[in-house]
Amino acid sequence: MKIEELNLPSEAINLYLQAGIEELYPPQADAVEKGLLQGENLLAAIPTASGKTLLAEMAMLKAIKKGGKALYIVPLRALASEKFRDFKRFESLGIKTAISTGDFDSRDEWLGSNDIIVATSEKTDSLLRNSTPWMKDITAVIVDEVHLLDSANRGPTLEVTLAKLKRLNPEAQVVALSATVGNAMEIAQWLEAKLVLSEWRPTDLHEGIFFGDAINFYEEQKFIERRHKEDTVNLVLDTIIEEGQCLVFDSSRRNCVGFAKKCAPVAGELLDRQKRNELEEVAKEVLENGETKLTETLAYCIKKGVAFHHAGLNSAHRRIVEDAFRNNLVKMICSTPTLAAGLNLPARRVIIRSYKRYDPNAGMQPIPVLDYKQMAGRAGRPHLDPYGEAVVIVKTYEELTDVLERYINASAEDIWSKLGTENALRTHILSTIASGFANCHKEILTFLGSTFFAHQQESWNFEELLEDCLTFLKNEGMLEQDNEIIRATELGKMISSLYIDPLSASKIIRGLEKTTHVTDMTLLQLICSTPDMRLLYLRNRDYEIINDYVMNHTEDFIEVPSPFKQIEYEWFLSEVKTALLLQEWINEKSLEKIVENYQVGEGDIYASSDIAEWLMHATLRIASRINPQLEKECAKLEKRIHYGAGSELMELVEIPNVGRARARKLFKKGYSSRQKLATANEKQLAGIVGPKIAQKILSYLGRETDSNGYVEPETLENKKQQKTFQDFI
Ligand SMILES: Nc1ncnc2c1ncn2[C@@H]1O[C@H](COP(=O)(O)OP(=O)(O)OP(=O)(O)O)[C@@H](O)[C@H]1O
C-alpha cells in the first residue's frame, strides 16, 4: 500500500515521503485495512522496529485533522522525551506537541492548547486524579509498550488509567502498541480493539548461540576469529571490523562497566584518526557532565569507541552515550536490560552475555522470553544493516540446548495483570473515588470490572480485597461512608492528588502525630519508611555502621524497632541508610564521596533525591493539616533536597548556573545573598566562578555587564518542572 494512497493530510504524506517512507510495511497495511484511519481501536503486537510508531502517528494525525487531540502514553520518562522529539517535526504541519512532566499535584492546564500530549502512565493517572480539564477533549489515545501491563510496579497504574480513559472518553480511538506477547488477543478483547499480529520485520533477524568458537545459527556456523581471550570481546571486534555496531546486554551494572573497560583497548585500535578526534570531543562532554570516578571511566571507554549504560548513570551521560551510538561514533554499548525497554537504539549485532538474572528469592534465573525478544529485536538497523544478529553466549552444551528450546524456538509468554493485590489496589480505589469515577460499593465493583485484571480473571471476586482496602482507607480517615455513598474526605482527596500510596500517607500521619521535636534525620527516615521510597540495599558490612549510628542517635527517630525483631530491624536499618545518603546530599557531601560511601551511581542519587523531594512535599502538605509547626521544617527540607545544599545557600542556588558547589564557594567569599551578589565587583566575581558565569549571574540579577545577556529567572517551581518524581518510579 503506497503512502500517497492514504487519506492523510498531503503535508503529512510529503513529510513521510521526504523521510523515505513510500510503501507501508505489511503490518502497517494490515492496520490500515482494519480501520486504523477510520477511528477503529487497534492493538499492534509486532516486532521492534517494524513501524509501530508510524501507526500511532497516522492515527494521531487523522484525529487532529478532525479537530481532536491525541494523548501518547509511554512507560518511561526517557521514552517520553524521545517521542516528544520525534513529534516536534509535525510543527511544520501546524501541529503542536507538548510533554507533560510536571509534578503530580499539577493539572498542567497550559498543555490543553497542544494537539499531541506525551506523558507517562503515572503522569496521565495524576492528570486524571486532578481532573485536568483538557483530558475530556482527547479523541485518540496511543498506548506504547502496552505489554508492560505485566509489570508489577507499572502495570496496575497503566490498566487503571486506561480503564478511566475508556470511561471518560468512550468515543476516543485507542491504538495500543506492544511487543509480540503470547496473549495479544486477550489484550485486544479487553481494549475492544482489532488485532494486528505479525512477526514481520524490515530487517531479517538471525538468532544464534555462541558456543566454543562459533555462532551456531540454524542454517550455518559462523566462526569468530580469536583476537582476545574473552569470547564476547571477539564477537564485538568481529562486528566492528564488519562496519557494524553492537549492543551487549549483561546482568549487572558492574559487569557492564567491567566489560566495556575490557573491550576498550582492543576496540580503540580499530579507530581511524577522524573517529578518535570526534570521540575525544564526546569524552570531553562526558567529563563536563559528571564528577565521579565512573565519569572518568566512561570518558576513557568512549575515547576507545565503546560505552556502558545503566540506571546509575546520570541522565546527561545516558543521553550522550545514546546519541554517540546513534551517530555511529560509539560502536558498542554494554547495558543492563533498561536499554531494551523501548529506546530506539538498533544495532547490527545484539549479544546477550548472560541470559540469567539474579533473583533475591531464587538465585540466578533465566530471563523471560519477552525480555529476550525485546533485546534480540534491537538487532538490525532498518535500511542500514543487511540483517540483524542476536547472539546468546553459552558456556556448556546443556545451556546451548536450554537456550535453543527456551528462547529461539519459543514464543513470548502471556502477560498477566498485577492489579489483584491490596498494595496495588489501595491507591487506585482511593483515586477512583476521589476523582469521581465511583461513589458507592456497586460503582467501585463496576469500575474494577472494567480493568484488564477483571477481564483476565473472569471468576475473580473483588469483594474481599475491596473490603480490606475500604476498611483501611476509612480507618485512616481518607474515605467516609454515608449509607450507600462512599466519598473521599478532604484528606483522602489530598492524598490522591499528591499521588502517594495511602499507606505512605498513613505512616507519615502517624509519625507526625507522635513527634514535636524533629531533626533532618527524623523527617528523612520518616519518608524512607514509606512504601513509595526506594531503599538502598543493606549489605553485611553496613549493619554495624548503621546500627552504631542508630544507637547514638535514637532521639532522632520517631520509633526504633527492637533488634530482636530481626527482619523489621534490618528493614529499619536500610531506611536509615537511605536517609543517611539523603542527609549527606543535603549537607553538600560531593557526589564522588556519596558514590564511594554508598556504592551507588550518580543516577541513583538523583533518583533517591527526586523521590524524597516528592515525599517531603507530600509530608509538608500533610503537616499543614495535622502539625503546622512542622510544615516550615518540611518546606526547608524539600528545598534542600531539591538543591542538595544547606539552608543558608537557598538564596544563591535559585540563581541560574549557580549549583550547590558554586553557591558554597560564593558563600565562603562573603557573597551570602542575592543582594551582595548584585553589587559584587565583576572581576572579583569572575575570579571565583569564571568570567562567563559571573556575567550570567550579574545579568540575571539585573546588572549591566559586558554580555548584557538577560537570563530567565529560575524559581524552584520551574526548576521542578524539569525534574519529576516519575523519572525514577
Ligand atoms: N513503511 C515504512 N517504510 C520505511 N521506513 C519506515 C516505515 N515505517 C517506519 N519506518 C522507519 O523504521 C524505523 C522504525 O520505525 P518505528 O520507530 O515506527 O518502529 P517501532 O516498531 O516503533 O520501533 P520500536 O519498537 O523501537 O518502538 C523508523 O526510522 C521509521 O522511520
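Note that the structure is a prediction, hence the values are computed from the model and not measured.

Asks: Can you walk me through helix α23 (residues 566–586) in this structure?
Replies: Since the α-helix advances by 3.6 residues per turn, residues separated by three or four positions end up pointing in the same direction. For α23, which comprises 21 residues, the first-to-last C-alpha distance of 30 Å matches the rise-based estimate of 30 Å (1.5 Å per residue) to within 8%. A positive phi of about 70 degrees marks Glu588, the residue just after α23.

Asks: Looking at this structure, I do not really get the packing of helix α13 (residues 369–376) against helix α14 (residues 397–408). What am I missing?
Replies: Two packed helices can be described by the angle between their axes and the distance between those axes. Packing of α13 against α14 brings their axes to within 9 Å, and their N-to-C directions diverge by 85 degrees. Relative to α14, α13 is oriented roughly perpendicular. In this structure, α13 uses Val369, Tyr372 and Lys373 to contact α14, whose residues at the interface are Arg406, Tyr407 and Ile408.

Asks: In this structure, what is going on with the pattern of salt bridges? I would like to understand it.
Replies: Charged atoms that come close allow side chains of opposite charge to pair. Per the counting criterion, the structure on display carries 41 salt bridges. Its salt-bridge partner being Lys493, residue Glu490 comes within 3.3 Å of it at the nearest N-O pair. Pair noted here: Glu490 and Lys493 are both in helix α19 (residues 490–498), with a separation of 3 residues, about one helical turn. The exposure class of Lys493 is partly exposed, given its relative accessible area of 38%. Residue Arg664 pairs with Glu588 through a salt bridge whose shortest N-O separation is 2.6 Å. Linking Arg664 in helix α28 (residues 660–668) with Glu588 in the loop between α23 and α24 (591–598), this pair joins segments that are 76 residues apart in sequence. One continuous salt-bridge network, built from bridges that share partners, spans Glu82, Glu285, Arg319, Asp323 and Arg326.

Asks: How should I be thinking about the sheet that holds strand β14 (residues 349–352) in this particular structure?
Replies: Adjacent strands of a sheet form backbone hydrogen bonds with each other and so pair up, either parallel or antiparallel. Pairing within the open sheet is mixed, and its 8 strands lie in the order β10-β9-β8-β17-β14-β11-β13-β12. On the outer flanks of this sheet lie β10 (221–223) and β12 (306–309), each paired with one strand and no other. Each strand of the sheet is rotated relative to its neighbour by a mean of 25 degrees, with strand direction disregarded. Bridge count for strand β9 (residues 214–216) against β10 is 3 bridges, and the pairing is antiparallel. When the sheet's bridge partners are listed, Asn216 is paired in β10 with Gln221. Against the sheet, α14 touches β8 (205–211), β9 and β17 (388–393), its axis set at about 160 degrees to β8.

About the thresholds
Numbering of residues starts from 1 in each chain and follows the order in which that chain's sequence is written. Since the coordinates come from a predicted model, pLDDT governs what is reported: local features require at least 70, and pairs of side-chain atoms require 80 or more to be given and counted, while whole-chain, interface and lining totals use all residues. Side-chain measures here rest on the full set of heavy atoms in the structure, leaving out hydrogens and waters. By definition, any uninterrupted DSSP run of H or I lasting at least four residues is a helix, any uninterrupted run of E lasting at least two residues is a strand, and each is numbered from the N terminus. Given a helix with a known number of residues, its expected span is that number minus one, times 1.5 Å. Orientation is described by lines fitted to C-alpha atoms, with helices fitted over the stretch in contact, and by angles between N-to-C directions that extend from 0 to 180 degrees. Each angle receives one of four descriptions, namely roughly parallel if under 35 degrees, roughly antiparallel if over 145, roughly perpendicular if within 65 to 115, and oblique otherwise. Residues count as neighbours in contact if any of their non-hydrogen atoms are within 4.5 Å of one another. Salt bridges are defined as contacts in which a side-chain nitrogen from Lys or Arg sits within 4 Å of a carboxyl oxygen from Asp or Glu. Residue burial is assigned from relative accessible area. The probe radius is 1.4 Å, only protein chains are included, and a residue is buried under 20% of its type maximum, exposed over 50%, and partly exposed in between. Strand pairing follows a simple DSSP-based rule, namely that at least 2 bridges must link the two strands.

Note that every value here comes from positions in space, so none of it alone points to a role or purpose.
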